[in-house]
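# Results of the structural survey
In case you want the letters, here they are:
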Amino acid sequence: MIKPVKKLPEAVRDPLFTKIGTLADAEGIDIYVVGGYVRDFLLHNKSKKDIDFTLVGDGPAFARKLASQLPGKPKVTVYKNFGTALIKTDKYILEFVGARKESYVRNSRKPYVEPGTLEDDLKRRDFTVNALAIGLNRKNFGALLDPFNGLEDLKHRIIRTPLDPDITFSDDPLRMMRAARFAAQLHFDIHADTLRAMKKNKERIRIVSPERIVDELNKILLSEKPSEGLLILFETGLLEEILPEVVRLQGVEEVEGKTHKDNFYHTLEVVDNIARTDKNRNLWLRWAALLHDIGKPATKRYHPKNGWSFHGHELVGAKMVPGIFKRLHMPLNHSMKYVQKLIKLSSRPVALNEENVTDSAIRRLIHDAGDELEDLITLCMADITTKNPNRRKKYQSNLLRVKEKTVEVEERDRIRNFQPPVTGEIIMDTFGIKPSKTVGEIKDAIKEAILEGDIHNDFREAYQYMLKLGREKGLEIRKNLLDSPSG
């Protein structure tokens, strides 16, 4: 029997909790609020909409009875494999599960489950701060149960496992990712014994599906300061198992007294800079920040005169992205292409920072970046991590100048995502030719002329330019659209 440590009636003030407790009493069932809702209430964090309930009995059966008494009789979704039931109300997402105890086999993180007591259930929780429960029955309504000193760990901001961390992480290695994630989200430290067990069991992460690993990694990247979680993954060796391409950025090499910056720690700064300025919490922009320099190890060169260089690292890095996304079972759709594009173009705005930059160079940047232009500038601004205040101010001013120039040119030339106003069909119709290499050459030449500023992004000018190109190629004009009334 777990003894209550204090009363928290304010945590369960919502009438819904009273309704759930009353039903449990009528059914002769003990029921508790557990997990993140309790933790976040005690941390004075914003109330969670997701609330987990543990009861000593049949979770899905109880959920069905509760749903029948709720307004609108909401649908109950049952997950038979996990023995859980979900109810979505206007205000909350409620999940019910019967108290259970678990046992594991070595080559799987899927446990053998059998009914258990509340203490059995709290023992199987990942961390002490998540092993807190509040009673909802009449006999213990609002009573906080804390069998593993989770309150103390909350007070000292510590992540610690309820039981031996070696067993906890060997049984379910995903909990190591969750430790790093909670440390990042809550700004907690990981207890020394728990951290040692993570290092010892790092290779066990290989039995976890890539999708589950990436889910935790995404949550780390979306935290206020992702470097807190990423550093834990790095220090425990987990990052080497998941993203060795990022780990290879670590280290500083010196030749003839000349060094380069540590690109791993630079990358962490860039990701944090994005997290600080990205109000839209753009996950894929953060992935671009994490991977933006992964091409540097393969392109690192030393020149006695100029020192270290990483020429072409953007192109090499962009080419590495599909392999990483495939390995981690991440989406190979527009999200991947977005990350690729930002990495590929990540040095372009920086190269355009001279005051006398040409309009044609700006037009090409606008065209190539398309809808991602603003995010590209944001990434480049985050990439400025120099500690020299004069240099930082100079680099930032240069980028702001490029940004202003793109706005000016875009407003004037409408070049973003443009297609040449003269299509392949018009070229073929005008010269009476079939699809061929010549059609593509003319179309590309028109596009280049617009980007260079030789002609405006205008149909009449582009068409006249096309006629000129056709004559140079010896093509006969069969139909001139400018001679027609609509031309």
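A brief look at the structure comes next. Counting of residues starts from 1 at the beginning of each chain's written sequence and follows it residue by residue. Where totals are concerned, whole chains, interfaces and linings use all residues; where local detail is concerned, this predicted model gives features only for residues with pLDDT of at least 70, and gives and counts side-chain atom pairs only at 80 or more. Think of the side-chain values as coming from all heavy atoms in the structure, minus any hydrogens and water.

### Re the overall build of the protein
Going along the chain from the N terminus, every DSSP run of H or I of four or more residues is numbered as a helix, and every run of E of two or more is numbered as a strand. The helix and strand tally for the protein stands at 24 helices and 16 strands. Rg of the C-alpha trace for the protein: 30 Å, well past the compact-globule value of 23 Å for 487 residues, more than 25% over. Considering only C-alpha atoms, the protein reaches an extent of 95 × 65 × 40 Å along its principal axes. Exposure categories follow from relative accessible area, calculated using a 1.4 Å probe and restricted to protein chains: below 20% of the type maximum is buried, above 50% is exposed, and the middle band is partly exposed. Put simply, the protein has 487 residues, and 49% of those count as buried. Within the protein, counting contacts between residues at least 6 apart in sequence, those at least 24 apart form 66% of the total. Only the protein chains shown count as cover for residues, and all accessible areas are computed by the Shrake-Rupley method using a 1.4 Å probe. For the protein, the computed accessible surface area is about 24,800 Å², with 49% contributed by carbon and sulfur atoms. The charged-residue count follows a simple rule in which Lys and Arg add positive charge and Asp and Glu add negative charge, with His and chain termini not counted at all. For charged residues, the charge sits on one atom: NZ in Lys, CZ in Arg, CG in Asp, CD in Glu. Measuring between centres, the 82 positive side-chain charges of the protein sit 2 Å from its 71 negative side-chain charges. The quantity called the radius of gyration is restricted to C-alpha atoms. Its globule counterpart is 2.2 Å times the number of residues to the power 0.38. Whether two residues are in contact is decided by their heavy atoms, any of which lying within 4.5 Å being enough.

### A closer look at the packing of aromatic side chains
Two aromatic rings from Phe, Tyr or Trp, using only the six-membered ring of Trp, form a pair when their centres are within 6.5 Å; if the ring planes differ by under 30 degrees the pair is stacked, by over 60 it is edge-to-face, and anything between is tilted. Throughout the structure, instances matching the rule amount to twelve aromatic pairs. Arranged with centres 6.0 Å apart and planes meeting at 85°, the rings of Phe127 and Phe182 form a pair that is edge-to-face. Here Phe127, found in the loop between helix H4 (118–123) and strand E9 (133–135), pairs with Phe182, found in helix H7 (residues 174–186); they are 55 residues apart in sequence, far enough to count as distant. Residue classification places Phe127 among the buried positions, given a relative accessible area of 0%. Overall, Phe182 belongs to the buried group, its relative accessible area being 4%. Connected via pairs of aromatic rings, a cluster forms that spans Phe17, Tyr37, Phe53, Phe62 and Phe96. Placement of a charge over a ring requires the Lys NZ or Arg CZ to be within 6 Å of the ring centre, with the centre-to-atom vector within 35 degrees of the ring normal. Lying across the ring of Phe182, Arg181 places its NZ or CZ 4.4 Å from the centre. Lying across the ring of Phe310, Lys296 places its NZ or CZ 5.0 Å from the centre.

### Digging into the nonpolar core
Think of a nonpolar core as a cluster: buried Ala, Val, Leu, Ile, Met, Phe, Trp, Tyr and Cys residues, connected wherever their side-chain atoms sit within 4.5 Å. Judged by nonpolar contacts, the single largest core of 128 residues is most densely connected at Val33, Phe53, Phe96, Leu243, Trp287, Leu291 and Val339. The residues contacting Trp287, other than those within four sequence positions of it, are Leu217, Asn218, Leu221, Leu243, Leu328, Met330 and Val339.

### Quick word on the sheet that holds strand E10 (residues 143–145)
The pairing criterion for strands is at least two bridges between them, as found by DSSP. Here we have eight strands laid out as an open sheet, ordered E1-E10-E9-E2-E3-E6-E5-E4, and mixed in their pairing. On the outer flanks of this sheet lie strand E1 (4–7) and strand E4 (76–79), each paired with one strand and no other. Within the sheet, the average angular offset between the axes of one strand and its neighbour, ignoring direction, is 30°. Both E1 and E10 contribute to a ladder of three bridges, which runs antiparallel. Opposite Pro4, over in E10, you have Leu145 as the bridge partner. Note on method: axes are straight lines fitted to C-alpha atoms, helices fitted across the in-contact stretch only, with angles between N-to-C directions ranging 0 to 180 degrees.

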